[in-house]
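# Geometric and topological summary
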Amino acid sequence: MLKPRHCLLTAGLFLSSASLAASITPELKINGFATAGVAWLDDDLGGTGTTTGGAPQQYSAHYMQNSYGRGGISETPNTKFDSVAGLQFDYQVNDQTNMVLQLVGKGQIDNFKPQAEWAYIRYAINEHWIARAGRVGFQGFMISDSMQVGHSYVWARPPAEVYANTPVASSQGMDITFRQGMGDWMFNAELFAGSADTTDGRLAIQNIASLYLTLSHENLTVRGGALRFNLVNNVALTPLPDLDDSRSGRFGSVGFMYDDGKWMLNGELVQQRVVDWPADFDAGYVTLGYHFGRFLPYVYWANIDTVGDTGKQLGPINTRPSSIFEQSTYAAGLRFDPKPGVSLKAQIEHITDMGDFNGLFRFSPSSPGQQVQAIVGAQALPELKSTNLFSLNINVAF
């Protein structure tokens, strides 16, 4: 059974059960997680566009492909997109101090090359106050601390409309958490200050200041908050032509999780606004499931809408900004837990209502070394209406 408060513990789900942790010494605990999956579309969405020189060019369509061509789901089964493996090392220095290192290898990024998602020192000031400094998880979502752990949530992957549109896995800085019991409820307040980089490396997020509040009960968790930041170019890479200075922005989210052992219900709303930048959006999802022993069938609906000036261009190559997204997803799936720490999932998503901008799809040339000039909305390419996405995966956590 998925308990909502377990998904929000600071160390993630795989630290919520000490009996599953491997101990080399009394001071060192090692936990791990992995997902092996395959995903594919039911149709070839490719076609013909034009190159930057004006010549005809075959292109391929990929779902959730980032700016550097990594990952992306097409009609060809993709075994790397959802696949991930990680280890977490927690060394207890003394009664108040821990050092935590989490190494994660993702199939869609650098072919499973391990990266330090977390690397921080945790200090328990007293029973109510906890401070952390270093590299910590991005705290803007309901499942921020367990986003990489597929076993910790019900879906084959978190809804893309919310989780794929803010490409930040971790941040650097310091946070302080206040915890207080209130009868049968637990109240948490988390204050963070620091910086982060987007997963494709093109943008730096500086001067982050966030506050998130969480109220949890045995069956229910409610979480919400906001953060402010400055968005700037990463000068080590080719700059984005329409972002030659710092832009201030804000991000807010509110969500809930409920699971009484029979019914499971969760939902989340997020909003992003950046000054003079056509990347403002509203997004959300809601999921409903019912436990049948070790089986959990579920359905969910998700939506994203870009707001503001969607006609603004970011440069001479694309006919519209790559940050404009409009789409809805209607999904159904089944989770099966054969043993503790192991889950199997099957999911189908119907992706539709993509408007003029083809949702979260991106187009890349079939031949290397070319860029497609006529992308979404151009006369040379058709507009996508709808498609289906199929996913199968197995997840473990210990």
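An account of the accompanying structure is given in this report. (Residues numbered from 1 in each chain as written. Predicted model: local features only at pLDDT ≥ 70, side-chain atom pairs only at ≥ 80, totals over all residues. Heavy atoms only, no water.)

What follows is about the pattern of salt bridges. When the charged atoms of two side chains lie near each other, side chains of opposite charge can form a pair. According to the stated counting rule, one finds 7 salt bridges in the structure shown. As a salt-bridge pair, Asp175 and Arg132 come within 2.7 Å of each other at their nearest N and O atoms. Taken as a pair, Asp175 in strand β9 (residues 170–182) and Arg132 in strand β8 (residues 129–137) lie far apart in primary sequence, 43 residues in all. Among the ionic pairs, Arg157 bridges to Glu349, the shortest N-O distance being 2.7 Å. You can see Arg157 sitting in the loop between β8 and α1 (160–163) and its partner Glu349 sitting in strand β18 (residues 342–352), a full 192 residues away along the chain. Of the residues examined, Glu349 reaches a relative accessible area of 3% and is grouped as buried. Salt bridges sharing common partners tie together Asp82, Arg157 and Glu349. (Salt bridge = Lys/Arg side-chain N within 4 Å of Asp/Glu carboxyl O. Helix = DSSP H or I, 4+ residues; strand = E, 2+ residues; numbered from the N terminus. Buried < 20%, exposed > 50% of the residue type's maximum accessible area, 1.4 Å probe, protein only.)

Turning next to the packing of aromatic side chains. By the definition in use, this model includes 14 aromatic pairs. A ring pair is formed by Phe141 and Phe251, whose centres lie 5.7 Å apart and whose planes are at 80°; its orientation type is edge-to-face. Taken as a pair, Phe141 in the loop between β8 and α1 and Phe251 in strand β13 (residues 247–259) lie far apart in primary sequence, 110 residues in all. The exposure classification of Phe141 matches that of Phe251, with both residues buried. Linked through ring pairs, Phe138, Phe141, Tyr153, Trp155, Tyr163, Phe251 and Tyr285 together constitute an aromatic cluster. One residue, Arg132, lies across the ring of Tyr120, its end atom 4.8 Å from the ring centre. (Phe/Tyr/Trp six-rings, centres within 6.5 Å; stacked < 30°, edge-to-face > 60°. Lys NZ or Arg CZ within 6 Å of the ring centre and 35° of its normal.)

Worth remembering: the numbers are spatial, not functional.
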